[in-house]
Amino acid sequence: MPDFFYLLSKWWKQILSMVLLSLLIVAIIVFMEPPKYLSVATAVPASSVASDKSRIFGENIEALYSNLGSPDDLDMIVGTGQLDTVYLAVTDQFNLYDHYKIQANKEVTRIKSAALLKKNTEIQKSGYGELKVKVWDTDKNLAPQLANSLMEKLQSIYRDLQSKNNAAILNDLKTGMIKLKDSIGILQSAANSKPDTSGLSVLKTQLQKYQQLIGEYQLMVDNKPSALLIVERARPALLPDKPERLEILIATLVLSFLFALSIALILEKRKKMVK
């Protein structure tokens with residue numbers, strides 16, 4: 001096997017040429033790419049029992065529950081953060097088709113803009129059990145607005161999902177109360193001819209219970225519990241985060257040198273085999 005210094009001394013011109021050419025090509029590409037600024041919004045999960053009626057209306061029971069949820073509660077939210085629905089909504093909110101300057105018909109432009117936003121976004125659960133929404137954009141003032149809007153959209157989706165069950169129960173209670181009132185009306189009419197009102201009193205007690213439950217569920221539907229608690233809203237970055245030009249150029253230098261050295265080694269071996 002050829003000595004390293006011998007190989008370097010013999011092929012240094014070719015190695016240097018390949019390294020400089022690689023650096024030049026990568027530098028042109030890297031410096032033509034516009035800088036992107038990173039903004040991060042942070043939230044923690046709210047307690048999953050926040051929408052539990054017994055927690056809200058039960059006496060002294062609220063002390064048994066924490067206002068914070070567990071990190072596992074973020075798994076579904078992170079999964080939802082991969083859906084196009086979230087990005088399409090934010091794209092429409094900020095007219096990102098104008099910002100990205102994509103030339104196509106309206107629907108195609110909308111889809112491509114949402115895909116580009118998704119590409120520049122990262123939604124993840126941190127090691128500390130926090131939800132991180134990261135957005136990179138060439139406009140340092142737009143990036144935090146997009147991050148905060150995506151966080152709010154996720155909040156809205158899960159807040160609505162949590163309250164849908166309460167809304168369904170509320171509708172069933174209202175339907176049941178209407179039927180109960182009809183039964184009470186029939187018994188009241190019959191009570192005019194028959195003084196026996198034992199069944200009527202039971203129904204009136206049930207009606208009071210229905211009215212109480214409807215009031216409680218109505219309050220829960222009107223005041224939707226939060227699925228996320230915002231810890232820190234995204235702010236404009238002072239310096240760009242991408243591209244990491246220095247790191248890329250250093251990596252190019254090392255890899256191109258190793259590649260050129262490998263080529264020189266192969267050529268040197270072939271040369272000796274021919275002899």
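Reading the values: rules and limits
- Residues numbered from 1 in each chain as written.
- Predicted model: local features only at pLDDT ≥ 70, side-chain atom pairs only at ≥ 80, totals over all residues.
- Heavy atoms only, no water.
- Helix = DSSP H or I, 4+ residues; strand = E, 2+ residues; numbered from the N terminus.
- Buried < 20%, exposed > 50% of the residue type's maximum accessible area, 1.4 Å probe, protein only.
- Areas by Shrake-Rupley, 256 points an atom, 1.4 Å probe, with all protein chains shown as cover.
- Expected span 1.5 Å × (residues − 1).
- Polar contact = N/O pair within 3.5 Å; in protein donor to acceptor, adjacent residues only side chain to side chain.
- pLDDT = per-residue confidence, 0-100.
- Pairing = 2+ DSSP bridges.
- Axes fitted to C-alpha atoms, helices over the stretch in contact; angles between N-to-C directions.

J.: Help me out: how do you make sense of the overall build of the protein in this one?
T.: Across its full length, the protein carries nine helices and four strands. N-terminal to C-terminal, the α/β element order of the protein is α-β-α-α-α-α-α-β-β-α-α-β-α. The 275 residues of the protein split such that 32% are buried. Here the protein displays about 17200 Å² of accessible surface, and carbon together with sulfur accounts for 59% of that area.

J.: Explain helix α6 (residues 106-119) here, please?
T.: Note that an α-helix has 3.6 residues per turn; residues three or four places apart therefore point the same way. Taking 1.5 Å per residue as the helical rise, α6 with its 14 residues ought to reach 20 Å, and the 20 Å between its terminal C-alpha atoms agrees with that figure. Capping the start of α6 is the job of one residue whose side-chain oxygen sits 3.2 Å from the backbone nitrogen of glutamate 107: asparagine 105.

J.: Just checking my understanding: could you explain the confidence of the model for the protein for this structure?
T.: Close inspection of predicted coordinates is inappropriate for parts of the model with low pLDDT. For the protein, the average pLDDT comes to 83, and 86% of its residues sit at 70 or higher. Confidence scores differ between elements of the protein, with helix α2 (residues 53-57) showing the lowest mean pLDDT of 50 and strand β3 (residues 131-137) the highest of 96.

J.: Would you take a moment to explain the sheet that holds strand β2 (residues 121-125) for this structure?
T.: Think of a sheet as strands paired side by side through backbone hydrogen bonds, with each pair either parallel or antiparallel. Reading across from one edge, β2-β3-β1-β4 is the order of the four strands in this open sheet, with antiparallel pairing throughout. Whereas interior strands pair on both sides, the edge strands pair on one side only; in this sheet they are β2 and β4 (228-232). Averaged over all pairs of adjacent strands, the angle between strand axes in this sheet comes to 25°, irrespective of strand direction. Sheet analysis places strand β1 (residues 37-45) next to β4, joined by four bridges and oriented antiparallel. Residue valine 44 lies in a different strand from β4, and its bridge partner there is leucine 229.

J.: Hey, could you run me through the pairing of β3 in this one?
T.: In regular strands, side chains alternate between the two faces of the sheet. In terms of burial, β3 is a largely internal element, five of the seven residues being buried. Examined bridge by bridge, β1 and β3 share seven bridges and lie antiparallel to one another. Residue pairing in the sheet places tyrosine 37 in a bridge with aspartate 137 of β3. Strand direction decides the pairing type here: β2 and β3, joined by five bridges, are antiparallel. The residue of β3 that forms the bridge with lysine 125 is leucine 131. Joining the antiparallel neighbours β2 and β3 is a turn of five residues, in which glycine 129 adopts a positive phi near 80°.

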